[in-house]
Amino acid sequence: MRRKLAAGNWKMNGTGAALAELEALAAAHPAPAVDILICPPATLLHRAAQVAGDAIAVGGQDCHANASGAHTGDTSAEMLRDAGATAVILGHSERREDHDEGNDDVRAKARAAMEAGLIAVICVGESLEQREAANTLDIIAGQMSGSIPDQCTGENLVVAYEPIWAIGTGKVPTLEQIGEVHDFIRTRLERRFGEGVGRSVRLLYGGSVKPGNAAEIFGVPNVDGALVGGASLKADGFSPIITALESA
Ligand code: PGA
């Protein structure tokens, strides 16, 4: 059985004051029936790990492919781990776009993350143009084979399907569209890693998940949770999403 996962991506939002939201979330979910992960900005990671308590894990939003060295401004997987992270989001479409990250970069980062003992949450997803041209599954296939390294298990890999056109827009694919992509991702993982591993990797949906649409999205087969941006910033936005996942 895959343990469900509610992951929050704070992106470049939050200073010390935002930790009160994490504290409130921890107080509201002392013994959750699902895994909860909050990925704050790197500057908050260490403090977030202190206030999150045992029930909530914290993670990074990116890491460098190398363990250390002359890479001004970058953070290694080992450093994230040292600051208290147990996971890291990799290949988010904002990183792919803002920093020109390609599949090779994402794969190298994922390898580094896994070697440092972190769960790699690898993001894939098509643009609106690609969806309209009926290229969604080809794009997902290419991103998966390019970005996901070989040494994956159900413990160190999570795949997040995030259609770019749904991120921060309030637009959500139909449940059929979400189901089609998640089934496709599951099948490809099973083919590549074998049924045991392929079935144990958790698949998250991400893109405009809100308290109002979470329950129906969590009812789609092969959706094991969500990667949530905007609605994860406040405890009273993320908490009902966690509750919906617990009862899915
Ligand atoms: P959103 O972001 O929930 O604000 O749409 C999701 C994401 O980018 O992970």
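Right above here is the structure, for reference.
A short tour of the structure in this document, coming up.

Parameters and conventions
- Residues numbered from 1 in each chain as written.
- Predicted model: local features only at pLDDT ≥ 70, side-chain atom pairs only at ≥ 80, totals over all residues.
- Heavy atoms only, no water.
- Salt bridge = Lys/Arg side-chain N within 4 Å of Asp/Glu carboxyl O.
- Helix = DSSP H or I, 4+ residues; strand = E, 2+ residues; numbered from the N terminus.
- Buried < 20%, exposed > 50% of the residue type's maximum accessible area, 1.4 Å probe, protein only.
- Pairing = 2+ DSSP bridges.
- Axes fitted to C-alpha atoms, helices over the stretch in contact; angles between N-to-C directions.
- Contact = heavy atoms within 4.5 Å.
- Arc of directions from axis to C-beta.
- Parallel < 35°, antiparallel > 145°, perpendicular 65-115°, else oblique.
- Nonpolar A, V, L, I, M, F, W, Y, C, P; charged D, E, K, R; others polar.

Now for the pattern of salt bridges. As enumerated under the stated definition, the model contains 15 salt bridges in all. The partner of R2 in a salt bridge is D224, with the nearest N and O atoms 3.0 Å apart. Linking R2 in the segment before β1 (5–9) with D224 in the loop between α10 (211–218) and β8 (225–228), this pair joins segments that are 222 residues apart in sequence. Note on D224: relative accessible area 4%, which makes it buried. Through salt bridges with shared partners, one network takes in D62, R95, E101 and K109.

Our focus in this paragraph is the sheet that holds strand β6 (residues 157–161). Around the barrel, 8 strands lie side by side as β1-β2-β3-β4-β5-β6-β7-β8; this closed barrel has parallel pairing. Each neighbouring strand pair of the sheet contributes to a mean axis angle of 25°, computed without reference to strand direction. Sitting on the sheet, helix α5 (residues 103–115) touches β4 (85–90), β5 (119–124) and β6, and the angle it makes with β4 is about 175°.

This part takes up helix α1 (residues 19–28). At 3.6 residues per turn, the α-helix brings residues three or four places apart onto the same side. Looking at α1, one finds that the buried residues are L19, L22, L25 and A26. On an axial view of α1, the arc spanned by its buried residues comes to 115°, and they lie on one face. The inward-facing, buried residues of α1 abut β2 (35–39), α2 (45–52), β3 (56–60) and α11 (235–246).

Below, the discussion takes up the packing of α5 against helix α7 (residues 136–147). Contact geometry of α5 with α7 gives a least axis separation of 7 Å together with a crossing angle of 45°. In terms of their interaxial angle, α5 and α7 are classed as oblique. Listed contacts from α7 to N103, D104, V106, R107 and A110 of α5 are G142, Q143, S145, G146 and S147. When the residues that make up the contact of α5 with α7 are grouped by side-chain class, the tally is 2 nonpolar, 6 polar and 2 charged.

Tracing the backbone through its elements, the reader meets E216 in helix α10. For the pair E216 and A244, spaced 28 residues apart in sequence, the C-alpha separation works out to 9.0 Å.

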